[in-house]
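Here's the letter readout for the chains.
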Amino acid sequence: MTVEADCGEPVMLATKEPMILKATLTQFPPRGDLYTLAKPVDLVAQDGDPDKVLARITQFSAKTGGL
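Residues numbered from 1 in each chain as written. Predicted model: local features only at pLDDT ≥ 70, side-chain atom pairs only at ≥ 80, totals over all residues. Heavy atoms only, no water.

**Observations concerning the overall build of the protein chain**
- Across its full length, the protein chain holds zero helices and seven strands.
- Seen in sequence order, the protein chain has helices and strands lined up from the N terminus as β-β-β-β-β-β-β.
- In summary, the protein chain has a C-alpha radius of gyration of 16 Å against a globular reference of 11 Å for 67 residues, an excess of more than 25%.
- Reported as C-alpha extents along the three principal axes, the dimensions of the protein chain are approximately 45 × 25 × 15 Å.
- Counting only residues that meet the buried cut, the protein chain has 12% of its 67 residues in that class.
- Sequence separation of at least 24 residues holds for 47% of the intrachain contacts in the protein chain that already meet a minimum separation of 6.
- When the accessible surface of the protein chain is split by element, carbon and sulfur atoms take 54% of a total near 5,400 Å². (Helix = DSSP H or I, 4+ residues; strand = E, 2+ residues; numbered from the N terminus. Rg over C-alpha atoms; globule rule 2.2 N^0.38 Å. Buried < 20%, exposed > 50% of the residue type's maximum accessible area, 1.4 Å probe, protein only. Contact = heavy atoms within 4.5 Å. Areas by Shrake-Rupley, 256 points an atom, 1.4 Å probe, with all protein chains shown as cover.)

**A look at the sheet that holds strand β7 (residues 61-63)**
- Strand order in the open sheet formed by three strands is β3-β4-β7, and the pairing between neighbours is antiparallel. The open sheet terminates on both sides in strands that have one partner only, identified here as β3 (21-22) and β7.
- Examined bridge by bridge, β3 and strand β4 (residues 34-37) share two bridges and lie antiparallel to one another. Looking at β4, one finds that Leu 21 is bridged to Leu 37. (Pairing = 2+ DSSP bridges.)

**Considerations on the sheet that holds strand β6 (residues 53-57)**
- Taken in spatial order, the four strands line up as β1-β2-β5-β6 in an open sheet, and their pairing is antiparallel. At either margin of the open sheet sits one strand with a lone partner, and together these are β1 (2-3) and β6.
- Sheet analysis places strand β2 (residues 11-15) next to strand β5 (residues 41-45), joined by three bridges and oriented antiparallel. Within the sheet, the bridge partner assigned to Thr 15 lies in β5 and is Leu 43.

**What about the pattern of salt bridges?**
- Evaluated as defined, the whole model comprises two salt bridges.
- One salt bridge connects Lys 39 with Glu 17, and the closest N-O pair in it is separated by 3.0 Å. Here Lys 39 is found in the loop between β4 and β5, whereas its partner Glu 17 is found in the loop between β2 and β3, with 22 residues between them in sequence.
- The class for Lys 39 is partly exposed, based on a relative accessible area of 42%.
- For Asp 42, the salt bridge goes to Arg 56, with nearest N and O atoms at 2.6 Å. Of this pair, Asp 42 sits in strand β5 while Arg 56 sits in strand β6, and the two are 14 residues apart along the sequence. (Salt bridge = Lys/Arg side-chain N within 4 Å of Asp/Glu carboxyl O.)

Pasting the structure below:
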């Protein structure tokens, strides 16, 4: 992702580890079920120190497709 501040250069961020979503499925194939983060996702500079966390995603919800 690219993050732009009001007074700085854009920074390209990447996840330190893959994002893991979890859900309790009510049917198969899943349709309309809510997925949430299993744990927070750390973001690091794409070209920088992989151990220096610059941002963290703590909440992220998504629903599966369907009408």
